[in-house]
Amino acid sequence: MLENMGDADRPSAGLLSFVLPVHNEAANVHPLHGRLAAIVDQLGHDAEFIYVNDGSRDESLAVLRGLARRDPRVVVIDFSRNFGHQIAVTAGLDEARGDAVVIMDTDLQDPPEVVFDLVAAWQGGADVAYAQRRTRKDSWFKRTTASAYYRLLRRLSDIDIPANTGDFRLIDRRVVDELKKYREVDRYLRGMVSHVGFTQVAVPFDRDERLHGETGYPMAKMLKLAADGILGFSTFPLTVISRIGFLASGLAVLGALYALAMKLFAPQNVVEGWTFIVMSVLFVGGIQISMLGILGQYIGRIYREVQARPLYTVRSVYRHGEERPPAAAPNGASRVGDA
């Protein structure tokens with residue numbers, strides 16, 4: 001699969017950057033870092049580990065600062081508040097200096113040892129090596145809804161976004177530089193990576209269970225990410241309908257059934273023409289509200305883009321365990337220390 005993918009000259013011992021978003025993962029940081037450090041030692045690459053503390057409420061920042069004191073390769077970016085997973089990854093990409101960048105979560109559901117295969121694919125000529133889930137130890141509901149979502153996304157999207165993938169992947173420096181030009185607010189990074197192009201290959205793996213803590217993607221955030229994937233890469237107007245639209249449509253069905261029942265079983269209580277009027281008004285009203293909900297989704301995205309607010313704000317950056325002023329902010333970012 002890796003043959004004839006190009007004549008790119010990959011460094012055998014170049015710098016690998018690891019972008020690692022952290023949100024309430026204090027118990028997972030040390031096990032993850034130990035496994036990543038061992039992998040880097042075996043690969044023979046220089047490495048930097050960029051941990052982005054995304055407004056954690058537990059002891060994650062203290063753990064990360066201690067890690068940075070012990071390992072000079074560790075960089076800790078501390079957000080001023082929680083900005084979300086996709087923004088945290090974006091901040092890591094903005095900071096990364098490596099010849100290749102590995103993006104992975106810190107909950108250890110994505111086995112760090114897959115990095116060996118990702119690096120092998122990259123050295124074989126791939127510009128993007130994305131980890132594709134062969135199996136996953138999630139609930140039946142999550143597996144079923146994820147499968148349905150990816151089928152819908154591939155059908156509606158303007159680009160081909162691989163199924164059963166997350167953000168766990170290795171990206172060549174050329175691709176990272178292109179991604180840094182994408183500064184939209186409602187971000188769906190795996191879609192952006194597909195949009196950029198270049199040579200992209202799948203690396204199958206088996207996903208583990210979360211080691212400690214709770215998922216950072218509850219239902220509301222999963223729905224938001226799903227909407228970003230579809231609305232950000234498709235103009236087809238029937239993917240996410242607002243809750244009000246669903247409610248109105250449901251009421252229209254109930255009203256229509258009631259009107260029909262009255263017409264059939266108690267016609268003496270029905271005013272002439274009432275059934276048709278009620279059914280028409282409820283049906284048309286439900287459709288109108290649904291369409292307004294869809295338009296509202298797109299208008300809301302336009303509104304957030306024209307505001308041109310920074311994607312994130314950095315409180316502090318820790319290198320070698322010491323707090324340092326944030327570097328000059330890239331386009332679309334804000335650093336507290338810039339004032």
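Now for a quick tour of the structure.

What counts and what doesn't
- Residues numbered from 1 in each chain as written.
- Predicted model: local features only at pLDDT ≥ 70, side-chain atom pairs only at ≥ 80, totals over all residues.
- Heavy atoms only, no water.
- Helix = DSSP H or I, 4+ residues; strand = E, 2+ residues; numbered from the N terminus.
- Buried < 20%, exposed > 50% of the residue type's maximum accessible area, 1.4 Å probe, protein only.
- Contact = heavy atoms within 4.5 Å.
- Areas by Shrake-Rupley, 256 points an atom, 1.4 Å probe, with all protein chains shown as cover.
- Axes fitted to C-alpha atoms, helices over the stretch in contact; angles between N-to-C directions.
- Parallel < 35°, antiparallel > 145°, perpendicular 65-115°, else oblique.
- Left-handed = near helix turned anticlockwise from the far one by under 90°.
- Salt bridge = Lys/Arg side-chain N within 4 Å of Asp/Glu carboxyl O.
- Phe/Tyr/Trp six-rings, centres within 6.5 Å; stacked < 30°, edge-to-face > 60°.
- Lys NZ or Arg CZ within 6 Å of the ring centre and 35° of its normal.
- Core = buried A, V, L, I, M, F, W, Y, C linked by side-chain atoms within 4.5 Å.

**What to know about the overall build of the protein**
Secondary structure assignment for the protein yields ten helices and ten strands. By residue count, 49% of the 339 residues in the protein fall in the buried class. Long-range contacts, defined here as pairs at least 24 residues apart, represent 80% of the contacts in the protein between residues at least 6 apart. Summing over all exposed atoms, the protein offers an accessible surface of approximately 16900 Å²; the carbon and sulfur share of this is 58%.

**Digging into the packing of helix 1 (residues 26-43) against helix 2 (residues 60-70)**
Running from N to C, helix 1 and helix 2 cross one another at 25°; their axes reach a closest spacing of 8 Å. Taken together, the axes of helix 1 and helix 2 lie roughly parallel to each other. The two elements helix 1 and helix 2 cross, and the hand of that crossing is right-handed. Here Ala-26, Val-29, His-30 and His-33 of helix 1 lie close against helix 2, whose contacting residues are Ser-60, Val-63, Leu-64, Leu-67 and Arg-70.

**Describing the pattern of salt bridges**
A full pass over the atoms with the stated rule returns ten salt bridges. Two residues, Glu-113 and Arg-35, come together in a salt bridge whose shortest N-O distance is 2.7 Å. Of this pair, Glu-113 sits in the loop between strand 4 (100-103) and helix 4 (115-123) while Arg-35 sits in helix 1; the two residues are 78 residues apart in sequence, bridging distant segments of the chain. By relative accessible area, Glu-113 is classed as partly exposed at 35%. Between Arg-319 and Glu-95 there is a salt bridge, with its nearest N and O atoms 2.5 Å apart. With Arg-319 in strand 8 (residues 313-319) and Glu-95 in helix 3 (residues 85-95), this pair connects stretches of sequence that are 224 residues apart. Assessed through its relative accessible area of 23%, Arg-319 is described here as partly exposed. Classification of Glu-95 by relative accessible area gives buried; the value is 11%.

**Description of the environment of Pro-112**
Note that Pro-112 resides in the loop between strand 4 and helix 4. Distance in space between the C-alpha atoms of Pro-112 and Leu-32 is 7.5 Å, their sequence separation being 80 residues.

**Topic: the packing of aromatic side chains**
Taken as a whole and judged by the stated rule, the model has four aromatic pairs. On the basis of an interplanar angle of 20° and a centroid distance of 5.3 Å, the ring pair of Phe-79 and Tyr-312 is categorised as stacked. One end of the pair, Phe-79, is in strand 3 (residues 74-79); the other, Tyr-312, is in the loop between helix 10 (274-307) and strand 8, and 233 residues separate them in sequence. Taken individually, Phe-79 and Tyr-312 each receive the classification buried, so the pair is uniform in this respect. Three or more aromatic residues joined by ring pairs make a cluster, and in this case those are Phe-79, Phe-83 and Tyr-312. Positioned above the aromatic ring of Phe-83, the side-chain terminus of Arg-81 is 3.9 Å from the ring centre.

**What to know about the nonpolar core**
Core analysis: the biggest nonpolar cluster contains 38 residues, and Phe-18, Leu-20, Phe-49, Tyr-51, Phe-168 and Leu-170 have the highest contact counts within it. Among the elements that make up this core, the one with the highest residue count is helix 1 (six residues). If near-sequence neighbours (up to four positions away) are discounted, Leu-170 is found in contact with Leu-16, Ala-100, Val-101, Val-102, Leu-118, Val-119, Trp-122, Asp-127, Val-128 and Ala-129. In terms of nonpolar packing, the next biggest core, distinct from the first, is built from 31 residues, Ile-87, Ile-103, Val-175 and Val-176 among them.

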